[in-house]
Amino acid sequence: QVQLVESGGGLVQAGGSLRLSCAASGFTFSRYGMYWYRQAAGKERELVAVISNTGGSTNYADSVKGRFTISRDNAKNTVYLQMNSLEPEDTAVYYCNLLFRGNNYWGQGTQVTVSS
């Protein structure tokens with residue numbers, strides 16, 4: 001079955017960097033676009049970044065453009081989110097996401113906390 005497992009979150013000071021990873025299994029990874037979302041406490045889940053199946057196309061929320069980079073390694077079935085110049089407003093649980101055969105799949109999430 002489809003599994004998405006995020007890792008790489010943690011506590012970082014403002015201005016710092018983190019790289020999140022999402023290991024995927026249970027489907028042909030190279031055929032599907034992948035998404036990163038985040039949800040801050042008391043707020044709705046929001047789309048952060050998306051990458052096409054080949055990695056040739058990416059898109060970002062305005063709030064993270066120029067600071068975050070989504071990438072993927074189809075040989076490792078893994079999608080990444082490199083986060084630079086982190087701000088306290090980036091504090092949230094980060095989730096990777098897949099739309100597969102009409103169903104939405106989520107990982108368990110990884111907490112990112114940015115201190116000021």
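As a convention, each chain's residues are numbered from 1 in the sequence order in which they are written. Totals for whole chains, interfaces and linings use all residues, but because this is a predicted model, local features are given only for residues with pLDDT of at least 70 and pairs of side-chain atoms are given and counted only at 80 or more. Derived side-chain values reflect all non-hydrogen atoms in the structure, with water molecules and hydrogen atoms excluded from consideration.

Give me the lowdown on the overall build of the protein, citing residues and values where you can.
Helices and strands together make up the secondary structure of the protein, namely zero helices and eleven strands. Labels follow the DSSP assignment, with helices taken as runs of H or I lasting at least four residues and strands as runs of E lasting at least two, numbered in each case from the N terminus. Beginning at the N terminus, the succession of helices and strands in the protein can be written as β-β-β-β-β-β-β-β-β-β-β. Our radius of gyration is a C-alpha quantity, and the globule rule it is checked against amounts to 2.2 Å times the number of residues to the power 0.38. Taking 13 Å as the expected radius of gyration for a compact globule of 116 residues, we find that the protein reaches 13 Å, a close match to that expectation. With the principal axes as the frame, the protein shows a C-alpha extent of 40 × 25 × 20 Å. Relative accessibility under 20% of the residue-type maximum defines a buried residue, over 50% an exposed one, and the middle range a partly exposed one, all with a 1.4 Å probe and only protein chains included. Across the 116 residues of the protein, 39% fall into the buried class. Of the contacts formed within the protein by residues at least 6 apart in sequence, a portion of 52% connects residues at least 24 apart. Each accessible area is a Shrake-Rupley estimate made with a 1.4 Å probe; only the visible protein chains count as cover when residues are assessed. Entry remark: accessible area of the protein is about 6,100 Å², with carbon and sulfur atoms responsible for 44%. Taken as two groups, the 10 positive and 8 negative side-chain charges of the protein have centres that lie 10 Å from each other. By definition in these notes, contact holds between two residues if any of their heavy atoms fall within 4.5 Å. Think of it this way: Lys and Arg go in the positive column, Asp and Glu in the negative one, and His and the chain ends go nowhere. Where a charge sits is defined by one atom per residue type, namely NZ (Lys), CZ (Arg), CG (Asp) or CD (Glu).

I'd like to hear about the environment of Thr110, residue by residue, with values.
For Thr110, the position within the fold is in strand E11 (residues 110-115). If we ignore the near neighbours within four places in the chain, the residues touching Thr110 are Glu6, Ser7, Gly8, Gly9, Leu20, Ala92, Val93 and Tyr94. Whenever two N or O atoms come within 3.5 Å, that pair is a polar contact, provided that in protein one can donate a hydrogen and the other can accept it, and provided that, for residues adjacent in sequence, both atoms are side-chain atoms. A polar contact of 3.0 Å, which involves the side chain of Thr110, links it to the backbone nitrogen of Gly9.

Break down the nonpolar core for me, with residues and values.
Here, the term nonpolar core denotes a set of buried Ala, Val, Leu, Ile, Met, Phe, Trp, Tyr and Cys residues that are joined through side-chain atoms within 4.5 Å. One finds Leu4, Phe27, Trp36, Leu81, Met83 and Tyr94 to be the most contacted residues of the largest nonpolar core, which totals 30 residues. Of all the secondary-structure elements, those providing two or more residues to this core are strand E3 (18-25), strand E4 (34-39), strand E5 (46-51), strand E7 (68-73), strand E8 (78-83), strand E9 (92-100) and E11. By residue number, the principal contributor to this core is E9, which donates five residues. Apart from residues lying up to four places away in sequence, Leu81 is in contact with Leu18, Arg19, Leu20, Trp36, Val48, Ala49, Phe68, Thr69, Ile70 and Tyr94.

So what's going on with the sheet that holds E8? Residues and values would help.
By this definition, two strands are paired if DSSP reports at least two bridges between them. With antiparallel pairing, four strands are arranged side by side in an open sheet as E1-E3-E8-E7. For this open sheet the edge positions go to strand E1 (3-7) and E7, each flanked by a neighbour on one side alone. Direction aside, neighbouring strands of the sheet carry axes that sit 15 degrees apart on average. Comment: axis = line fitted to C-alpha atoms, over the contacting stretch for helices; angle = value between 0 and 180 degrees taken between N-to-C directions.

Go over the packing of aromatic side chains, please, and point to the residues and values.
Classification of ring pairs uses Phe, Tyr and Trp, with its six-membered ring standing for Trp, and accepts pairs whose centres are within 6.5 Å; under 30 degrees between planes counts as stacked, over 60 as edge-to-face, and the remaining range as tilted. Considering all chains together, one arrives at eight aromatic pairs under this definition. With a centroid separation of 6.1 Å and an interplanar angle of 50 degrees, the aromatic rings of Phe27 and Phe29 are classed as tilted. Across this residue pair, the class does not change: Phe27 and Phe29 are buried. Judged by centre distance (6.3 Å) and plane angle (55 degrees), the ring pair of Phe100 and Tyr105 falls under tilted. Judged by relative accessible area, which is 9%, Phe100 ranks as buried. Taking the relative accessible area as the measure of exposure, Tyr105 reaches 25% and is therefore partly exposed. Put simply, the rings of Phe27, Phe29, Tyr32, Phe100 and Tyr105 touch in pairs and so form one group of aromatic residues. In our convention, an over-ring charge means Lys NZ or Arg CZ found within 6 Å of a ring centre and within 35 degrees of that ring's normal. For Arg45, the ring lying beneath its charged end belongs to Tyr95, and the centroid distance is 3.8 Å.

Which residues make up the state of the cysteines, and what values go with them?
Any pair of cysteine sulfurs within 2.5 Å is marked as a disulfide. Counted according to the given criterion, the structure contains one disulfide. With a sulfur-sulfur separation of 1.9 Å, Cys22 is cross-linked through a disulfide to Cys96. Handedness of the Cys22-Cys96 disulfide follows from its S-S torsion of about 45 degrees: it is right-handed. One end of the pair, Cys22, is in strand E3; the other, Cys96, is in strand E9, with 74 residues separating them in the sequence. For Cys22, a relative accessible area of 1% gives the class buried. You can call Cys96 buried: its relative accessible area is 0%.

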